[in-house]
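# Structural characterization, general
Here is how the chains run, residue by residue.
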Amino acid sequence: MATIDGWLATWAALGVPASAQVRAQHAQLVLRYTEPHRHYHTLQHLSECFERWGELRAHAVNPAEVEAAVWYHDSIYDTRSSDNEVHSAVLARETAVELGVPRTSAQRIHDLVMSTRHAVEPVGPDAEALVDTDLSILGAAPTRFDEYERQVRLEYGWVPEATFRERRAGILRGFLRRPHIFSTALFRDRYEHAARANIMRSLRALE
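This text gives an overview of the structure that appears in the document.

We now examine the overall build of the protein chain. The number of helices and strands found in the protein chain is ten helices and zero strands. Taken over C-alpha atoms, the radius of gyration comes to 17 Å for the protein chain, in line with the 17 Å a tight globule of 207 residues would show. With respect to the three principal axes, the spread of C-alpha positions in the protein chain is 50 × 35 × 25 Å. Evaluated residue by residue, the protein chain yields a buried proportion of 49% over its 207 residues.

Structure representation (structure tokens):
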């Protein structure tokens, strides 16, 4: 769960003991995820990610780094920007270095956050685990998926309806064109069918 205890455990696994500084970074991150313009990319999304991450933790080579990337992958979010992941990745790396994580590890956390741009298929077990965790909402129960779609629309409330429908449909069709939505065998077995059914239902509503 996206709790202070989980946060402290993540950093402890990276060799960073609990401190006022570490707690302050958590408080700052919570403020980011509770910004008023967010409706999906919130603490709810973060908590759901950690719930699914528990299923994939054994898949990762460097699980603590993946956990740090989960915490930061949507730390900066502006629907009018195309560089959210870039800025989130930089913030993750800078925070890790500031807290005393070795630069090589901090760079890997940065690179993991960048993989959530979903521009290409993730490479390596850590990126696969992170990206599947981030995309797990696609395979959620229909009621939660439909709520997610409404939340995304709220975040893009400034976009005209016709434009939003066209662009959202394009994104969803992109997922359907992939040989598989999820990169890990575990999530393909558990959530692939549900994800495709959810997306097709959403496309029918959009069109």
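Glancing now at the packing of aromatic side chains. A full pass over the atoms with the stated rule returns eleven aromatic pairs. Residues Tyr156 and Phe164 carry aromatic rings whose centres are separated by 6.4 Å and whose planes lie at 40 degrees to one another, so their mutual orientation is tilted. Residue classification places Tyr156 among the partly exposed positions, given a relative accessible area of 24%. Aromatic ring contacts, followed pair by pair, group Trp7, Trp11, Phe50, Trp71 and Tyr72 into a single cluster. Across the ring face of Tyr33, the terminal group of Arg38 is positioned such that the distance to the ring centre comes to 5.0 Å. Lying across the ring of Trp158, Arg80 places its NZ or CZ 4.2 Å from the centre.

Before going further, it helps to spend a moment on the nonpolar core. With 57 residues, the main nonpolar core has Trp7, Trp11, Trp71, Tyr72 and Leu138 as its most contacted residues. Sort the elements by how many residues they give to this core and helix 4 (residues 63-72) lands first, with seven residues. Ignoring anything within four residues of it in the chain, the contact list for Trp11 reads Val16, Val22, Tyr72, Ala96, Leu99 and Val101.

Interhelical geometry of helix 5 (residues 84-98) versus helix 6 (residues 103-115) gives an angle of 160 degrees and a closest axis separation of 8 Å. With respect to helix 6, the axis of helix 5 lies roughly antiparallel. Considering how the two elements wind past one another, helix 5 and helix 6 form a crossing that is right-handed. From helix 5, Glu85, Val86, Ser88, Ala89, Val90, Ala92, Arg93, Ala96 and Val97 reach across to helix 6, where they touch Arg103, Ala106, Gln107, Ile109, His110, Val113 and Met114. When grouped by side-chain class, the residues that make up the contact of helix 5 with helix 6 number ten nonpolar, three polar and three charged.

The next point concerns the layout of surface pockets. The calculated volume of the largest pocket comes to roughly 930 Å³. Taken together, 32 residues form the lining of the largest pocket, with Tyr77, Glu85, Tyr156, Arg168 and Ile171 sitting closest to its centre. In the lining of the largest pocket, the residues fall into 15 nonpolar, eight polar and nine charged. Considered as a void within the structure, the second largest pocket measures approximately 230 Å³ in volume. The wall of the second largest pocket is formed by Asp146, Glu149, Arg150, Arg153, Glu161, Phe164, Arg165, Arg168, Arg201, Ser202, Ala205 and Leu206. Residue assignment for the lining of the second largest pocket shows that the elements contributing at least two residues are helix 8 (142-155), helix 9 (161-177) and helix 10 (185-206).

Thresholds, definitions, all that
- Each chain has its residues counted from 1, running along the sequence as written.
- This being a predicted model, a pLDDT of at least 70 is required before a residue's local features are given, and a value of 80 or more before pairs of side-chain atoms are given or counted; all residues contribute to the totals for chains, interfaces and linings.
- Calculation of side-chain values draws on the structure's entire complement of heavy atoms; hydrogens and water are dropped beforehand.
- Secondary structure is summarised from DSSP: a helix means a run of H or I of at least four residues, a strand means a run of E of at least two, and numbering begins at the N terminus for each.
- Note that the radius of gyration is over C-alpha atoms, with the globule rule given as 2.2 Å times the number of residues to the power 0.38.
- Here's how the labels work: a residue is buried when its accessible area is under 20% of the maximum for its type, exposed when over 50%, partly exposed in between, all with a 1.4 Å probe on protein chains only.
- Classification of ring pairs uses Phe, Tyr and Trp, with its six-membered ring standing for Trp, and accepts pairs whose centres are within 6.5 Å; under 30 degrees between planes counts as stacked, over 60 as edge-to-face, and the remaining range as tilted.
- Either the NZ atom of lysine or the CZ atom of arginine qualifies as a charge over a ring when it sits within 6 Å of the ring centre and within 35 degrees of the ring normal.
- As used here, the term nonpolar core means buried Ala, Val, Leu, Ile, Met, Phe, Trp, Tyr and Cys residues forming a set that is joined through side-chain atoms within 4.5 Å.
- Only heavy atoms matter for contacts: two residues are in contact if any of them lie within 4.5 Å across the pair.
- Axes here mean lines fitted to C-alpha atoms, for a helix over just the part in contact, with angles spanning 0 to 180 degrees between N-to-C directions.
- Relative orientations are named as follows: roughly parallel for angles under 35 degrees, roughly antiparallel for angles over 145 degrees, roughly perpendicular for angles from 65 to 115 degrees, and oblique for any other angle.
- The handedness criterion is simple: a crossing whose near helix is rotated anticlockwise from the far helix by less than a right angle is left-handed, and one whose near helix is rotated clockwise is right-handed.
- In this classification, Asp, Glu, Lys and Arg are treated as charged, Ala, Val, Leu, Ile, Met, Phe, Trp, Tyr, Cys and Pro as nonpolar, and every other residue, Gly included, as polar.
- We place a 1 Å grid over just the protein atoms. Points where a 1.4 Å probe fits but has no way out form a cavity, open points with protein on both sides within 12 Å along at least 5 of 7 lines form a pocket, and any residue with an atom within 4 Å of a point lines it.
- Grid points are joined across faces, edges and corners, and a volume is the space filled by probe spheres set on the points.

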